[in-house]
Amino acid sequence: MLEETEKIYYYDVIIVGGGPAGCSAALALKSTGLKVAILDKSEFPREKVCGELMQSNVIKTLLKMSPEIGTAFNQFEKKTQIKSTKLHYNGKSLVFKYKHESYTCRRIYFDDFLIQYVKKSTKTEFYLNKQVEKITIKDSTALISIKNSNTVYNTKIVIGADGANSVVAKYLAGKQMDRKHYFGSVRAFYKNIEGVNSDTVEIFFHKKHKVNYVWLFPLYNNYANVGFGMLSSKISKQKINIKNTFYDIINSSPVLSSRFQTAIQEGSLDGFGVPLASKVGKIHGNNFMLIGDAASLSNPISGTGIMNAVLSGKLAGEQVIKCFNENKFDDNFMSQYYQNLDKAILKQIKKSFFAQQILSRIPFILDIAFALLSIKWVHRKIEKRL
Ligand SMILES: Cc1cc2nc3c(=O)[nH]c(=O)nc-3n(C[C@H](O)[C@H](O)[C@H](O)COP(=O)(O)OP(=O)(O)OC[C@H]3O[C@@H](n4cnc5c(N)ncnc54)[C@H](O)[C@@H]3O)c2cc1C
C-alpha cells in the first residue's frame, strides 16, 4: 500500500544494507559528526546464507575502528573459536594450526550482534524493513526511493552495501551478473555428524564433481554448516542441479558418507550467489561507492567475503571523511577509494587468482598440491600465515 503524503529525509551519508559491510562503514564514520543512516530491507535478526567462517582479519579490522568491540565480542556467546583447518583429499588429511584468532558464527547471530553494536556505539539512524527500489543522482544528490512507500531519502553520498543483488550497483554502476565471476553456493545446517572437532574447520576436495571444495564448519551448540560453491557459468553450461549435487557428494564420498550416517539436517538446504573479485567493475562514481558483495569482493579462490566486506566498509568510511573535508564528491575524487582497496586486497587477489587459473590446468594438480603441502617446510610456511 502506498503512503499518502511524500516524506523527504536528508542525510550526509546513507548506507544501503546493514550486513558486515554496511555496519563497518557506519563504524568508520562514528566520530565524524556526519548525519548517517542505514537502510535495510530486513528486520534483524535475519538469516544470510553463508558458510559462516570469519577469518582473523574480520575481528582485527573491526577492532581498529572500534577497540571497545573487543569486550562486546568476548562476551558474545554464540561464536566458536577456530584453531585449525583440516584438509581432506583422496583418503589423506592434513591439519594446519592457526596463529591468529578466527571464528565461526551463525550469521543470524553475528549480523545482529554487529547491528546492535553499531546502534549502541554510534549515532547512526536505522530504517529497517525498507527495501530500496531505485536510486538516481540529481544535482550532486542521491535520491533513494523505497518499495511501497512515498518516502524519499536524499544524501550527498550513498554507500551500496546491499549484497550480491545490489540495487545500488544496478542503478549507479550499471552492474550485471557475470556468471564467469560468480559462484552458485548452497549450505545446510546439521547436527550429529560423526567426528566433528569443535575448533577445526574441515575442507574436502572431491575429484568426481570437480567442485572447488566442500566445507564442514563447526558452529555453536554442536551444529555444523556444510556446503559448497561452483562457478555459475559451469552450473548453467552443464545444467547442474547444485542441490542434488550436494546430496550426491555427501552420499558418494567415502569419507563424508560414513560420517553422515547419523547426521540430522536441520532446516532446508539454501542457496545464494557469491560475486567474485576476479572481476571488479565500476565501484565508485559521482556521489557513490560500493562495498562488500555489492562491489563483488568475495575471494575467487575461497569464496569468502566477510573479511573484504568489513575492510571495504572501513576504506569507504575513510573516503567519506576525505570527501566532506575537501567538499569533493565526484567520481575522480572517489577513485581514491578504489586505489586504497586495490593496494589492500585486489592486487593480491588478482595475483593468486591468476596463479590458480594456470595451476588448475595442470593434470593431477590436487595430487601434486597435497604432496607439496605434506612437506614440513611448506606446511610450516603456510601455518605462519594463518
Ligand atoms: C553459501 C555461501 C557461503 C559463504 N561462506 C562464507 C564464509 O564461510 N566466510 C566468508 O567470509 N564469506 C562467505 N560467503 C560470502 C559472504 O556471505 C558475503 O561475502 C558477505 O555476507 C558480504 O557481506 P555484505 O555486508 O557485503 O552483504 P550481505 O551480508 O549480503 O548484507 C547485505 C544487506 O543488504 C540488505 N539489502 C539487500 N538488498 C537490499 C535493498 N534493495 N534495500 C535495502 N537493503 C537491502 C540485506 O537485507 C542485507 O542485510 C559465503 C556466501 C555464500 C552465498
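Refer to the structure presented above.
Described below are features of the structure shown in this document. (Residues numbered from 1 in each chain as written. Predicted model: local features only at pLDDT ≥ 70, side-chain atom pairs only at ≥ 80, totals over all residues.)

**A few points about the pairing of strand 11 (residues 200–204)**
In this structure, strand 4 (residues 79–89) lies alongside strand 11, joined through five bridges in parallel fashion. Residue Lys86 lies in a different strand from strand 11, and its bridge partner there is Glu202. As judged from the three bridges shared by strand 11 and strand 12 (residues 214–218), these two strands associate in the antiparallel manner. Bridge assignment links Ile203 to a residue of strand 12, and that residue is Trp215. (Pairing = 2+ DSSP bridges. Helix = DSSP H or I, 4+ residues; strand = E, 2+ residues; numbered from the N terminus.)

**Quick word on the site of the ligand**
In the neighbourhood of the ligand, 38 residues make up the surrounding shell, with Gly19, Gly51, Gly163, Gly292 and Gly305 lying closest. The set of elements that each furnish at least two residues to the shell around the ligand consists of helix 1 (20–28), strand 10 (182–191), strand 14 (264–275) and helix 9 (306–326). Counted by class, the shell around the ligand contains 16 nonpolar, 15 polar and seven charged residues. (Near = placed C-beta within 6 Å. Nonpolar A, V, L, I, M, F, W, Y, C, P; charged D, E, K, R; others polar.)

**With respect to the nonpolar core**
With 97 residues, the main nonpolar core has Ile14, Ile15, Ala25, Val158, Ile159, Val168 and Ile291 as its most contacted residues. Sorting elements by how many residues they give to this core places helix 9 first, with nine residues. Beyond its immediate stretch of four places on either side in the chain, Ile14 contacts Ala37, Leu39, Ile144, Tyr153, Thr155 and Val158. (Core = buried A, V, L, I, M, F, W, Y, C linked by C-beta atoms within 7 Å. Buried ≥ 20, exposed ≤ 12 C-beta atoms within 10 Å, placed from the backbone. Contact = placed C-beta atoms within 7 Å.)

**Describing the environment of Phe73**
With respect to the helices and strands, Phe73 occurs in helix 3 (residues 69–75). The partly exposed category is assigned to Phe73, around which 19 C-beta atoms lie within 10 Å. C-alpha of Phe73 to C-alpha of Leu63: the two residues are ten residues apart in sequence and 9.9 Å apart in space.

**Structural notes on unusual backbone geometry**
For the peptide bond that leads from Phe44 to Pro45, omega is 0°, which places it in the cis range. Within the secondary structure, Pro45 is located in the loop between strand 2 (36–39) and strand 3 (53–54). In the Ramachandran plot, Asp139 falls in the positive-phi region, its phi being about 50° despite a non-glycine side chain. Structurally, Asp139 is set in the loop between strand 7 (132–138) and strand 8 (141–146). Classification of Asp139 as exposed rests on a count of 6 C-beta atoms within 10 Å. At Asn148, a residue that is not glycine, the phi angle is positive and equals roughly 55°. Relative to the helices and strands, Asn148 resides in the loop between strand 8 and strand 9 (152–160). Taking the C-beta count within 10 Å as the criterion, Asn148 has 10 such neighbours and is therefore assigned exposed.

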